[in-house]
Every structure is written in C-alpha cells, then in structure tokens.
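Topology and contacts: notes
What follows is each chain in one-letter form.
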Amino acid sequence: MPKPFNRTINLLQIYRQLRPFIRPYRKMIIGTLLLTFVGALLAQVNPLVLKYTVDEVTQLTQLPHPMSEGIHVLVVISAVLLGKELLNIFIQFGQKFYGEKIRISTSSVLAQSVIDKILLYRVSYFNDENHESGKLQVRIDRGIESLTKLVQNFFIDILPLFSNAIIALVIMYMQNVYVGLVSTVVVPIYFYVSALQAKKLAGVRRTLRNQRERKTSGLLNLINSIMVIKSFVRERFEGEKQYDLQMKLMDSQLFTRRTNFIYDGLKTFIEQFGVVLIILLTVFLVLDQQMTIGAIMLHILLFNNVSAPIRQLHRIYDDMNDAMIYAEGFFDILEADDQTEPNGTFEALELQGKFELKNVNFTYPNGMAALKDVSMLIENGKTTALVGLSGAGKSTVINLLCKFYLPTSGEILLDDTPLNDFENAALRDDIGLVLQKNHIFQGSIEDNIRYGNMDATFEEIVQAAKKAYLHDQILDLPEQYRHDATQLSGGQQQRIAIARLFLKDPPIIFLDEPTASLDAIATEQIKNSLDAIKQGRTVVIISHSLSQILDADRIYVMKKGEVAENGTHDELMAMNGVYREIFDASARSLNLDKLVSSFREN
Ligand code: ADP
C-alpha cells in the first residue's frame, strides 16, 4: 500500500529526516553557530554605544569646556564602533559563507540520494499514476529547493536574527523590567497573526502545488503527443485544457498574494505599535527620572533588534510552510523503502536457462488481472514462441521472467531454483531483452550500443552494429558513430537494441516483437542475425511474424491471460483451435492466394 500522499509533517519531523544528510557537516555547523552567537553579541554594541554617547554628551554639555573634555569620549566611541565593524566583516563572511556551504552541500546530498534511491525501486512504483515522471520531477525539484532554503534560512536568517532578538531582550530586561515586558508582549501577538496567516494559506499552498505539478506534467504530455494532437486537429481542445489549469493556478496565486498583503499590513501596524509603546514608556521613565535620556535611544534600537526577526517572520514562515508541504512529497519519494525491489542472493555459476512457470497468477498494481493460472516450460537451449492476440498477457510473462514484477501467486523456477531467490543484477546480466519499442538514451549511437557492455571496445561496437545490419547505415550519417541516436528512425533504433543484444551476448534472450518496426528487407536481415545468435541459447520470442513462429521449438498460445494451447506448429494446427484461428487469419491478411499465384506466374 503506498503511503497516503497528504500526510502532515512538522518541523521536528523534517529535522529528524534531514539530520542524516546534514550530519557530515557537524563541525561546520557548530562553527557557524559560534560565529552566529558572536555576531548576535556584536549587534548589541550600537545601541549600547549610543546610550553611552547620549548620556556622556548630555553631561559634557553641562561642563565649562565640553570640547576639550569630550575628546576622550569621541576616541572611545570611534574605536569601539570601528573595531566592531572590522570584526563584523569576518564574522558575517564566515557565518554567511559556511551557512551557504551547508546549504549547497545538503542540496547536493539530497539530490544524489533521491536518484540513488529511486533507481532501486521496483518497476511497479513507476507505473503508479501518482508517480508519473512529471509529477516525480516537480516533487523532487521543489522538495530539494524548499528543504535547502529551510537550511539556508535557519543558518542565515532564523538563527542570527533570533539570537539577536533574545540577547537584545535580555539587555532590555536588565535595564528595566517594564520596558522588557512591553517588548515581550508584542512578540506573541505578532506570532499569532503570522500563524493565522499561515493557516489561511496552508490549504491553498497544497492546491497550488498540485496545480503546478499538473501544469508541468500537462506540458510534458503535450510536447510528447504533439503529432497526435496535430493529426486530430486538437490544438484548440488541448490549449483550452491548459488554459483552464492556468486560470485555476492564477486564482490560487492571487488569493495567496491578497492574503499575504492584508496580513503583512496588519503585522507592520503591530510592530509600529510596539515602537510607539516603547517610546511612550521610556520617555515617561526619563521624565520620572528613573532613566537617562540615552536609555530612550538604547531601548528603541534594542526593540529594533527584537522586531527584526519578526519583520522577517512571514517570509520565514512562508519558506517553512513551503518546506513542510514540499518536504512531505519529497520524503515520500526518498523514504519509500517498501518500494525497493525485492532481491535474492542466489547467483548461478553458469545458467542453463530452463524456466518453469507453475500456476502463476499475476495482477498489475492497478488491479488488472493479466495472468491466470499460467503454467509453462521454457526449455534451455530452445526457442519458445508466445502467440496470442494483443493484450493476451505475452509481454507480462516476459516481465515476470525478468523479475520486473513478482507473481501474485504461483511460482517461477529457473534451473529448478525459485526465480525470487536469484540476485536481480546477476540474473539480468544473463538476460538479453529486445522490445518492440526500445529505449534510446540521449547521446551518440556508439554510447547507445555500448549500453549492452560498458567495457566494449569501439571495434566490438562496430562488430555488433554489423551483425544488426546497422553499420552501413551508420557510415552514411554525417557524424557516423557519434551521430545523435535519438534522431534515428524507429527501425534504426530497433537495430541499436539488437546491436546491444549482440554486444551483451547473454545466454538467455527475450524478444518481444523484435522486428515489428522493421521493413521487409530489414526483417529478413535481422531474422538471419537472430537465428545465428539463437543457437544454443534459451530464447523466448513474442511475434506476429509467421516465419519466426514457425521456427520455434515450442509454441504457447495465450488467450485472455491464460495458456490456451501449446505444442509444435504441426501439433497446434492439428488441434484446430485458437492457434489455427490466429494462423489462418495471419495467412489471410497476407493475401496468400494472390501471393502464391504471383510467385507461380514468375
Ligand atoms: P500482450 O503482450 O499479449 O499484448 P500484455 O502482457 O502487454 O499483453 O498485457 C496483458 C494485460 O495487462 C493487458 O490487458 C494490459 O492492458 C495489461 N497491462 C499491461 N501492462 C500493464 C501495466 N503496466 N499496468 C497495468 N496493466 C497492464
């Protein structure tokens, strides 16, 4: 069961989840915290110096020669202020630079961890509609972005500002308890308003996230389906779908902005109200002769230090909310440990390649029952063909044999050992898979063929391309083996997949309609190459091509997820059942009568 997506997450949980990623930077973090503390102490120097100045100058003005007496005051003030600023240069640099370094390092570690993790997830994880590539990408990007912003905020804004505020408050209390109390009272009110604001926006932010994800995946789908859209002249229809999404996104964005502006105004007012209270109170205390004039300046500046983080609070709140919302989606991906591909430990020294399916049932995660009580014997060193109408479950059998999915019930044995016990990588190293539509990676033809064997020399790649009848075509290309493989035609890409197979040279070969996108001449050439490589290997082939089926040692005929018949071509023809039906229909579709008569005429 996948975890429910909208699980609420709080800061403490985020911290716990982030801890392993920031742990390696412990020393740097402690150093940054120390610098922050010193920085916070230095921030109180200005208010204190100003108080000293005002009080000293007030006294000096009452002396007969204030100028000559005041020189030492000027020297002290200048020395302290300049000295503090000099020190501050280093403190600020160290604190900001190391804060950034922690942020950048965390971001890289998170990005790499999530890639390493999802590569281990089972195939069905990626089939879930919640895990479409566009959605995963947005969730990962936003998750990393907001988490690193949180780390950055913590070291560059939250910590320095709040330590500033606390130290300033302590000094205020030490000077006068009432002034301290007044400035303390304003803070929770401000927090309360910020919390209200955050609450009001929480739901919208979630909606905003979903809308952004849908917009991105919508755009990706649009680009991928551009030919279909154009051929059905659905540009307007698709455009309107995107327009609706955009309008909804705009509404959410405007609502967010409007709410922010209203609350921000309210918060500025509260802050200024605090300043007014401090002025009134300190002036009163000065007139009552409980304080010197300098104390008015001191408290206004100290209150400024207290309210500085408060002024940033909504932005910090915003970023924290972002982090809480996006971290949730991100950690759902990073911590889906239950989705890690199950693995065995058995590694065969030399595989024979005999597969046995015993009463295998299989249902896809979306509930589609694709295989029902399937039993098959795939003999080693022989070619077994899977035949049946499309949707009968043939590719599903191959998916299970590659361990991309595990049977829901029943058992698959390879060389009499349960397939589940096999170590995935070792097993797949021995299997060559050619699909109807094969994936071509961004990059050159050479690199794409090399995917079959990363250690292959260029000469070996050329040999493989020759066997796949691709070499001559490559020589005609401007950049030859360096040509961009994604630019090749469907048939040429198919040959790349076959060249990969030759390069990999595995004892077990699964072919899922390997010649479906090839022309007649290429099909014949490839068939010859495949016939050569098939010798002595276990081959399972799914094909609609009669010639390839006829060559098989054994044929399994599938219908609606079940094995309907099996045997050799002759046995199956004699049964007069499903196979005969498919065979006759294929023969008719070839217009055999006319073909035969035209062969005769020539
Ligand atoms: P065949 O190869 O014989 O054409 P498949 O094995 O591809 O048939 O499909 C068998 C059934 O399983 C079909 O009904 C198909 O829709 C369904 N199916 C195939 N792949 C998936 C998947 N990844 N998720 C859900 N259902 C699937």
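Residues numbered from 1 in each chain as written. Predicted model: local features only at pLDDT ≥ 70, side-chain atom pairs only at ≥ 80, totals over all residues. Heavy atoms only, no water.

A few words on the domain arrangement of the protein. Often the size quoted for an interface is simply the accessible area lost on bringing the parts together. We note that the domain assignment places domain 1 (11-339) and domain 2 (344-430 + 539-591) within the protein. The C-alpha-based centres of domain 1 and domain 2 are spaced at 59 Å. (Domains from an automatic or database assignment.)

Okay, the pattern of salt bridges next. Pairs may arise between side chains of opposite charge once their charged atoms sit close together. The tally for this structure, following the rule as stated, stands at 16 salt bridges. Notably, a salt bridge pairs R428 with E341, separated by 2.4 Å at the nearest N-O pair. One end of the pair, R428, is in helix α12 (residues 424-429); the other, E341, is in the loop between α10 (294-334) and β1 (355-363), and 87 residues separate them in sequence. In this structure, E446 engages R450 in a salt bridge whose closest nitrogen and oxygen atoms are separated by 3.2 Å. Here E446 and its partner R450 are both found in helix α13 (residues 445-450), 4 residues apart, which amounts to about one turn of the helix. Neither residue differs from the other here; E446 and R450 are each classed as buried. Here the salt bridges share partners, and the residues they tie into one network are E446, D447, R450 and R482. (Salt bridge = Lys/Arg side-chain N within 4 Å of Asp/Glu carboxyl O. Helix = DSSP H or I, 4+ residues; strand = E, 2+ residues; numbered from the N terminus. Buried < 20%, exposed > 50% of the residue type's maximum accessible area, 1.4 Å probe, protein only.)

Counting across every chain of the model gives 14 aromatic pairs. For the ring pair F93 and F97, a centre distance of 5.6 Å and an interplane angle of 5° mean the geometry is stacked. Of this pair, F93 and F97 both sit in helix α4 (residues 66-118), separated by 4 residues, roughly a single helical turn. Assessed through its relative accessible area of 38%, F97 is described here as partly exposed. Taken together, F93, F97 and Y98 form an aromatic cluster joined through their ring pairs. (Phe/Tyr/Trp six-rings, centres within 6.5 Å; stacked < 30°, edge-to-face > 60°.)

A word on the nonpolar core. Core analysis: the largest hydrophobic core is formed by 45 residues, its most contacted members being I445, I449, Y481, I496, L511, I555 and Y579. Ranked by residue count, the leading element in this core is helix α16 (residues 490-504), at 7 residues. When neighbours within four sequence positions are excluded, Y579 is seen to be in contact with V387, I549, I555, V557, E565, H569, L572 and M573. Membership of the second largest hydrophobic core comes to 31 residues, among which are F355, V360, I378 and I398. (Core = buried A, V, L, I, M, F, W, Y, C linked by side-chain atoms within 4.5 Å. Contact = heavy atoms within 4.5 Å.)

Across the 6 residues of strand β3 (residues 383-388), 6 count as buried, placing the element largely inside the fold. Residues T383, A385 and V387 of β3 are buried on one face, and the alternating residues T384, L386 and G388, pointing to the opposite face, are buried as well. Pairing between β3 and strand β8 (residues 538-542): 4 bridges, direction parallel. Counted as the bridge partner of T383 is V539 from β8. In the sheet, β3 pairs with strand β9 (residues 554-559) via 5 bridges, with the strands oriented parallel. Looking at the pairing, T384 lines up with R554 of β9. (Pairing = 2+ DSSP bridges.)

Ordered in space as β6-β7-β8-β3-β9-β10, the 6 strands form an open sheet in which the pairing is mixed. Looking along the sheet, the strands with just one partner apiece sit at the ends: β6 (431-434) and β10 (562-567). Each adjacent strand pair in this sheet contributes to an overall mean axis angle of 15°, direction not counted. Examined bridge by bridge, β6 and strand β7 (residues 508-512) share 4 bridges and lie parallel to one another. Bridge assignment links V434 to a residue of β7, and that residue is L511. Sitting on the sheet, helix α11 (residues 394-401) is in contact with β3, β6, β7, β8 and β9, with an inclination near 150° to β8. Across the face of the sheet, α16 comes into contact with β6 and β7 while running at roughly 170° to β6. (Axes fitted to C-alpha atoms, helices over the stretch in contact; angles between N-to-C directions.)

This part covers the sheet that holds strand β4 (residues 409-414). With antiparallel pairing, the 4 strands of this open sheet are ordered in space as β2-β1-β4-β5. Of all strands in the sheet, those with a lone pairing partner are β2 (369-378) and β5 (417-418), marking the two edges. In terms of strand pairing, β1 meets β2 through 6 bridges, oriented antiparallel. Bridging across to β2, F362 finds its partner in L371.

This part takes up the side chain of H569. Checked against the element boundaries, H569 lands in helix α19 (residues 569-575). By relative accessible area, H569 is classed as buried at 16%. Among the polar contacts made by the side chain of H569, one reaches the side chain of Y579 at a distance of 2.8 Å. (Polar contact = N/O pair within 3.5 Å; in protein donor to acceptor, adjacent residues only side chain to side chain.)

Around the ligand sit 14 residues in total, of which G391, G393, K394, S395 and T396 are the nearest. In this structure, K394 approaches the ligand through a main-chain N or O atom, which is 2.9 Å from an oxygen atom. Between the ligand and the protein, one listed contact pairs an oxygen atom with a side-chain N or O atom of T396 at 2.5 Å. Starting from 560 Å² of accessible surface for the ligand in isolation, the protein chains cover 70%. For the shell around the ligand, the leading source of residues is α11, giving 3 residues. Partitioning the shell around the ligand into residue classes produces 6 nonpolar, 7 polar and 1 charged. (Near = heavy atom within 4 Å. Areas by Shrake-Rupley, 256 points an atom, 1.4 Å probe, with all protein chains shown as cover. Nonpolar A, V, L, I, M, F, W, Y, C, P; charged D, E, K, R; others polar.)

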